[in-house]
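This is what each chain is made of:
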Amino acid sequence: MLKSLLRPLITCAGLLLLWQIIIWFSHTPSYLLPPPERVLTRLWHSRSQLLHHSGITALEILLSLFIGIILGLLTALVLQYSRLLRQWFLPLMLISQAIPVYALGPILMLWFGYGLLPKIIITVIIIYFPIATAAYDGLRHTPPHYLALGKTLNAGAIAALIHIRLPAALPAFASGIRVAAAIAPIGALIGEYVGGSAGLGYLIQYGINRSQTDLAFAALFVITALTLIIYYSIDFILKKFINW
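Thresholds, definitions, all that
- Every chain's residues receive numbers from 1 upward, in the order its sequence appears when written.
- Since the coordinates come from a predicted model, pLDDT governs what is reported: local features require at least 70, and pairs of side-chain atoms require 80 or more to be given and counted, while whole-chain, interface and lining totals use all residues.
- Think of the side-chain values as coming from all heavy atoms in the structure, minus any hydrogens and water.
- Counting from the N terminus, the helices are DSSP H or I runs at least four residues long and the strands are E runs at least two residues long.
- Partly exposed describes any residue whose relative accessible area lies between the buried limit of under 20% and the exposed limit of over 50%, with all areas from a 1.4 Å probe on protein chains only and scaled to the type maximum.
- We call two residues in contact whenever any of their non-hydrogen atoms come within 4.5 Å of each other.
- UniProt positions are given in the numbering used here, feature names are shortened, and annotations may be inferred rather than shown by experiment.
- Marked domain ranges trace back to an automatic or database domain assignment.
- Simply put, the buried area is the total loss of 1.4 Å probe accessible area from both parts when two parts are fitted together.
- We define a polar contact as two N or O atoms separated by no more than 3.5 Å, with the added condition that, inside protein, one atom must be a possible hydrogen donor and the other a possible acceptor, whereas residues neighbouring each other in sequence contribute only through side-chain atom pairs.
- Between Lys or Arg on one side and Asp or Glu on the other, a salt bridge is scored when a side-chain nitrogen of the former is within 4 Å of a carboxyl oxygen of the latter.
- Patch membership needs two things, relative accessible area over 30% and no salt bridge, and members are linked within 9 Å if like-charged or within 5 Å if nonpolar (Val, Leu, Ile, Met, Phe, Trp, Tyr).
- In these tables, accessible area is a Shrake-Rupley quantity obtained with a 1.4 Å probe, and a residue counts as shielded only by the protein chains included in the view.
- By this rule the span expected of a helix is its residue count minus one, scaled by 1.5 Å.
- Across the chain, bend at a residue is computed as the angle between axes fitted to the seven residues ending at that point and the seven starting from it.
- For the purposes of this section, nonpolar cores are sets of buried Ala, Val, Leu, Ile, Met, Phe, Trp, Tyr and Cys residues that join through side-chain atoms within 4.5 Å.
- The rule is short: rings of Phe, Tyr and Trp, with Trp giving its six-membered ring, pair when the centres are within 6.5 Å, and they are stacked under 30 degrees, edge-to-face over 60, tilted in between.
- In this scheme, Lys NZ or Arg CZ marks a charge over a ring once it lies within 6 Å of the ring centre and within 35 degrees of the ring normal.

Before we move on, can you summarise the overall build of the chain with the specific residues and values?
Secondary structure assignment for the chain yields 10 helices and zero strands. Starting at the N terminus and ending at the C terminus, the chain contains elements arranged as α-α-α-α-α-α-α-α-α-α. With the C-alpha coordinates aligned to their principal axes, the bounding extent of the chain is approximately 70 × 50 × 30 Å. Counting across all 244 residues of the chain, residues that qualify as buried make up 39%. The long-range fraction of contacts in the chain, counting pairs at least 24 apart against all pairs at least 6 apart in sequence, stands at 74%.

How would you summarise the UniProt feature "transmembrane region" (unreviewed entry) in the chain if you had to cite specific residues and measurements?
UniProt records the feature "transmembrane region" (unreviewed entry) for residues 56–79, 91–114, 120–139, 146–164, 176–203 and 215–234 in the present numbering. What you have in residues 215–234 is 100% helix and 0% strand, and the ends, taken at the C-alpha atoms, are 29 Å apart.

So what's going on with the UniProt feature "domain: ABC transmembrane type-1" (unreviewed entry) in the chain? Residues and values would help.
Per the UniProt annotation, the sites labelled "domain: ABC transmembrane type-1" (unreviewed entry) are residues 50–238. Annotated as 89% helix and 0% strand, the span residues 50–238 places its first and last C-alpha atoms 29 Å apart.

If you had to explain unusual backbone geometry to someone new, which residues and values would you point to?
Negative phi values dominate among residues other than glycine, just as trans dominates among peptide bonds. Of note in this structure, H27 is not a glycine but carries a positive phi near 55°. Here S211, not a glycine, exhibits a phi torsion of approximately 60°, which is positive. Counting through the fold element by element, S211 comes out in the loop between α9 (200–209) and α10 (213–241).

Tell me about the domain arrangement of the chain, and please be specific about residues and values.
Domain boundaries assigned for the chain yield domain 1 (1–33) and domain 2 (34–242). For domain 1 and domain 2, the distance between their C-alpha centres works out to 29 Å. Between domain 1 and domain 2, the contact holds eight residues from the first and nine residues from the second. Buried surface at the junction of domain 1 and domain 2, both sides included, amounts to about 740 Å², of which 67% is carbon and sulfur. Linking domain 1 to domain 2 there are two residue pairs in polar contact (both at pLDDT 80 or more).

Talk me through the pattern of salt bridges; I want residue IDs and the actual numbers.
Counted according to the given criterion, the structure contains five salt bridges. As a salt-bridge pair, D214 and R38 come within 3.6 Å of each other at their nearest N and O atoms. Here R38 lies in helix α2 (residues 36–45) and D214 lies in helix α10, a separation of 176 residues in the sequence. Judged by relative accessible area, R38 falls into the partly exposed class, the value being 36%.

Mind laying out a nonpolar patch on the surface, listing which residues take part and the relevant values?
Taken together, F66, I67, I70, L71 and L74 make up a surface patch of nonpolar side chains, about 440 Å² in accessible area. Tracing the chain through its elements places I67 in helix α3 (residues 47–81). Exposure remark for I67: the relative accessible area of 33% places this residue in the partly exposed category.

How would you explain the environment of L228 if you had to name every residue and give the values?
Following the sequence through the fold, L228 ends up in helix α10. For L228 and A148, which are 80 residues apart along the polypeptide, the C-alpha to C-alpha distance reads 41 Å.

I'd like a description of helix α6 (residues 116–140), backed by residues and values.
Helix length check: α6 (25 residues) gives 35 Å between terminal C-alpha atoms against 36 Å at 1.5 Å per residue, within 8%. At I127, α6 shows its strongest bend, of approximately 40°, with the proline P130 following within four residues. When you tally the buried positions in α6, you get 18 out of 25 residues, the bulk of the element.

Describe the nonpolar core, with residues and values.
Grouped together as the largest cluster of nonpolar side chains are 48 residues, with contacts concentrated most on L50, I61, L65, I127, L200, L226 and I234. Those elements that provide at least two residues to this core are α1 (2–26), α3, α5 (101–112), α6, α8 (157–195), α9 and α10. In terms of residues, this core owes the most to one element, α8, which gives 11 residues. For L226, the residues in contact, after removing those within four places along its chain, are S54, T57, A58, I61 and L200.

Run through the packing of aromatic side chains, naming residues and quoting values.
Scanning the entire structure with this criterion turns up five aromatic pairs. Ring centres 6.1 Å apart and planes at 40° place the aromatic pair Y202 and Y206 in the tilted group. Taken as a pair, Y202 and Y206 lie in helix α9 at a separation of four residues, close to a single helical turn. The class for Y202 is partly exposed, based on a relative accessible area of 26%. Classification of Y206 by relative accessible area gives partly exposed; the value is 25%. Feature note: the residues W19, F217 and F221 constitute an aromatic cluster, connected by ring pairs. Over the aromatic face of W44 sits the side chain of R47, whose NZ or CZ is 3.9 Å from the ring centroid.

Printed below as a string of structure tokens:
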């Protein structure tokens with residue numbers, strides 16, 4: 001336990017030292033690259049402001065993950081059981097990844113305003129593909145001898161889905177969820193950059209526009225920590241429920 005905590009602490013300390021050394025040797029002005037101690041001081045003094053905006057960003061991420069997981073699983077089921085819909089859905093899934101999400105942001109703000117909804121839509125678009133494809137791969141690569149055993153026990157299509165295909169697909173599905181948890185903050189930040197009035201992405205933009213680079217870096221630290229917390233929390237839950 002101590003070793004597992006010691007390694008990331010040493011890594012963080014090394015990165016902070018490297019950051020400070022770069023500033024010493026390059027003489028970079030603080031409005032371009034603030035020194036670590038200034039950012040850490042800003043983290044402490046602006047903790048209430050950062051906590052408020054991180055709560056909004058966390059809500060956007062968690063809601064998007066919930067919606068993305070549901071949509072991804074439903075899409076995988078449709079792709080597995082309907083050849084006709086599979087011919088239509090697969091191109092649409094690829095198109096969803098070809099859309100420049102940053103360019104889509106202003107359109108969504110125009111349609112839905114500046115609340116949570118456009119940020120959630122952007123994030124869901126980003127995480128939908130890895131979740132859906134991972135779940136679909138898990139369903140279609142169910143070991144054939146599992147299905148053959150189900151047939152010998154007179155298992156129907158629904159029983160085979162619930163007791164054979166879904167459990168066999170869960171490890172692959174979990175991998176898609178892990179990827180989504182890692183990239184979901186990107187969608188939330190894009191939405192907040194484009195048209196947010198709250199959230200860590202908005203705070204980063206606010207700090208840069210007002211030459212408060214230390215505030216922007218402090219918000220960047222917080223979103224990094226938030227991403228790690230969400231990822232490892234989901235990873236812990238998945239390992240408990242899918243321990244095989």
